Amino acid sequence: MTEDPFVTHRGLLFTVAYEMLGSAADAEDVLQESWLRWADVDRAQVRDPRAYLVRTVTRQALNRLRTLSRSREDYVGEWLPEPLLTSPDVAEDIELAESVSIAMLTVLETLGPAERAVFVLREVFEMPYGEIAEAIGKSTAAVRQIARRAREHVAARRPRVRVSRSEQQAVVERFLVALRTGQLRELMEIMAPDVVLIADGGGLVPAVLTPVHGADVVAPMLARANRVARVETTTVWLNGAPAGRIEFDGEPAAVSLAVEDGRVTRIYVVRNPRKLTRLDEPSELAR
């Protein structure tokens, strides 16, 4: 027996849904809904199962995204994507790793649902405009216009500099040591002067509710952490890049860093426990 196309392409389908939603839990729900629809399809009428399944997942993700957009307006504090434990192999595909990075997913959150769907399908998965049009229910001409607007929007906000894995890992490890030991001077040196810290506690655990700007504010705040709690740190691979898993008195957090010219420019801290359920087993991501 040949394997069911849904099973064969599950990694791809999960990645499409996750990039559109920024939430692994919601992506899994979308896959479940899509599987139920796939189970009722006459397979003999499906010429390209991969394209058909991507269209199905896209439609379900769009429906979910429109609902989530309303609920996220009431979210307590800053909303950040759900971090995923990934294998180092994900970083071998540079475009995939960049597209699932916390920094990029945060940028994608500023797009409207249709723009996000078009950007992900076109720029990440290189789908033809005609297939995207069929997936989102718009004309090919409209999809081309949406794609152009989305590219310009993302280009103006995405991290401008790519760093090597070795440089990213070195900066992450240096940052985590300084955090764990409360070394203010070291934290100041490793951060860009205009560094921004964004934290997501979801109203469930303590976290700053608005972005904190500037190394002169961020560094002292982080340096105090080990004086009020027992801090343990581990370097892990999150969303295709070296990152940190931190425990404050046993309570977990995930930390992703944006790095430019050897210094940290963005710090993304996820403390919401509902978003920390995918840190023990690597997620399968694929294009």
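If you're wondering where the values come from, they're calculated on a predicted model, not measured in any experiment.

## Comments concerning the overall build of the protein chain
Inference 1: Within the protein chain, the secondary structure is distributed over 13 helices and six strands.
Inference 2: Computed over its C-alpha atoms, the radius of gyration of the protein chain comes to 20 Å, within 12% of the 19 Å expected for a compact globule of 287 residues.
Inference 3: Taken across its 287 residues, the protein chain has 50% of its residues classed as buried.
Inference 4: When contacts within the protein chain are restricted to residue pairs at least 6 apart in sequence, those whose partners lie at least 24 apart make up 68%.
Inference 5: Of the side-chain charges in the protein chain, 37 are positive and 42 negative, and the distance between the mean point of each set is 4 Å.

## A short note on the sheet that holds strand β2 (residues 212–213)
Within a beta sheet, neighbouring strands are joined by backbone hydrogen bonds and run either parallel or antiparallel to one another.
Inference 1: Within the open sheet, the six strands sit side by side as β2-β1-β6-β5-β4-β3. Their pairing is mixed. Taken across any chain shown, the strands that pair with only one partner, and hence form the sheet edges, are β2 and β3 (231–238).
Inference 2: Where strand β5 (residues 251–260) meets strand β6 (residues 263–270), seven bridges bridge the pair, whose relative direction is antiparallel. In the sheet register, S256 faces β6, and the bridge partner there is Y268.
Inference 3: Those strands touched by helix α12 (residues 215–223) are β1 (191–200), β2 and β6, and its axis lies near 55 degrees from that of β1.

## Describing the packing of helix α7 (residues 113–124) against helix α8 (residues 129–136)
Inference 1: Here α7 crosses α8 at 145 degrees, and the two axes come no closer than 10 Å. Crossing handedness for the pair α7 and α8: right-handed. For the pair formed by α7 and α8, the contact residues are A117, V118, L121 and R122 on the first element and Y129, I132 and I136 on the second.
Inference 2: Residue composition of the contact of α7 with α8, grouped by class: six nonpolar, no polar and one charged.

## Description of the nonpolar core
Inference 1: With 51 residues, the main nonpolar core has F14 and L108 as its most contacted residues.
Inference 2: Looking at this core, the elements that each hand over two or more residues are α2 (10–21), α3 (24–39), α4 (49–71), α6 (102–108), α7, α8 and α9 (140–155).
Inference 3: The greatest single-element share of this core, amounting to eight residues, is contributed by α2.
Inference 4: Ranked by size, the runner-up nonpolar core spans 30 residues in total, among them L179, V255, V264 and V269.

## A word on the side chain of R55
Inference 1: By secondary structure assignment, the location of R55 is in helix α4.
Inference 2: With relative accessibility at 13%, the residue R55 sits in the buried group.
Inference 3: Here R55 is in contact with E131, E134 and A135, once residues within four sequence places are set aside.

## Some points on the layout of surface pockets
Inference 1: The space that makes up the second largest pocket amounts to roughly 400 Å³.
Inference 2: In terms of lining, the second largest pocket is formed by 19 residues, of which the most central are M221, L222, A225, F248 and R271.
Inference 3: Where the lining of the second largest pocket is concerned, the elements lending two or more residues are α10 (165–181), β1, α12, α13 (225–228), β4 (241–248) and β6.
Inference 4: Broken down by class, the residue content of the lining of the second largest pocket amounts to 17 nonpolar, no polar and two charged.

## Points about the side chain of E82
Inference 1: With respect to the secondary-structure elements, E82 resides in the loop between α4 and α5 (94–99).
Inference 2: A polar atom in the side chain of E82 sits 2.8 Å from the backbone nitrogen of A24.

## Some words on empty space enclosed by the protein
Inference 1: Inspection of the entire model under this criterion finds one cavity of 30 Å³ or more.
Inference 2: As for the largest cavity, its lining consists of P83, I102, L238, A254, V255, S256, Y268 and V270.
Inference 3: A total of three residues in the lining of the largest cavity trace back to one element, the largest contributor, which is β5.

## Remarks on unusual backbone geometry
Inference 1: Although it is not a glycine, E126 adopts a positive phi angle of roughly 55 degrees.
Inference 2: Looking at the element boundaries, E126 is found in the loop between α7 and α8.
Inference 3: The exposed category is assigned to E126, whose relative accessible area is 59%.
Inference 4: Despite not being glycine, D249 has its phi angle at roughly 50 degrees, a positive value.
Inference 5: Looking at the secondary structure, you find D249 in the loop between β4 and β5.

Definitions and limits used
- Residues numbered from 1 in each chain as written.
- Predicted model: local features only at pLDDT ≥ 70, side-chain atom pairs only at ≥ 80, totals over all residues.
- Heavy atoms only, no water.
- Helix = DSSP H or I, 4+ residues; strand = E, 2+ residues; numbered from the N terminus.
- Rg over C-alpha atoms; globule rule 2.2 N^0.38 Å.
- Buried < 20%, exposed > 50% of the residue type's maximum accessible area, 1.4 Å probe, protein only.
- Contact = heavy atoms within 4.5 Å.
- Lys, Arg positive; Asp, Glu negative; His and termini not counted.
- Charge placed at Lys NZ, Arg CZ, Asp CG, Glu CD.
- Pairing = 2+ DSSP bridges.
- Axes fitted to C-alpha atoms, helices over the stretch in contact; angles between N-to-C directions.
- Left-handed = near helix turned anticlockwise from the far one by under 90°.
- Nonpolar A, V, L, I, M, F, W, Y, C, P; charged D, E, K, R; others polar.
- Core = buried A, V, L, I, M, F, W, Y, C linked by side-chain atoms within 4.5 Å.
- 1 Å grid on protein atoms, 1.4 Å probe; cavity = no way out; pocket = protein on both sides within 12 Å on 5 of 7 lines; lining within 4 Å.
- Points joined across faces, edges and corners; volume = space filled by probe spheres on them.
- Polar contact = N/O pair within 3.5 Å; in protein donor to acceptor, adjacent residues only side chain to side chain.

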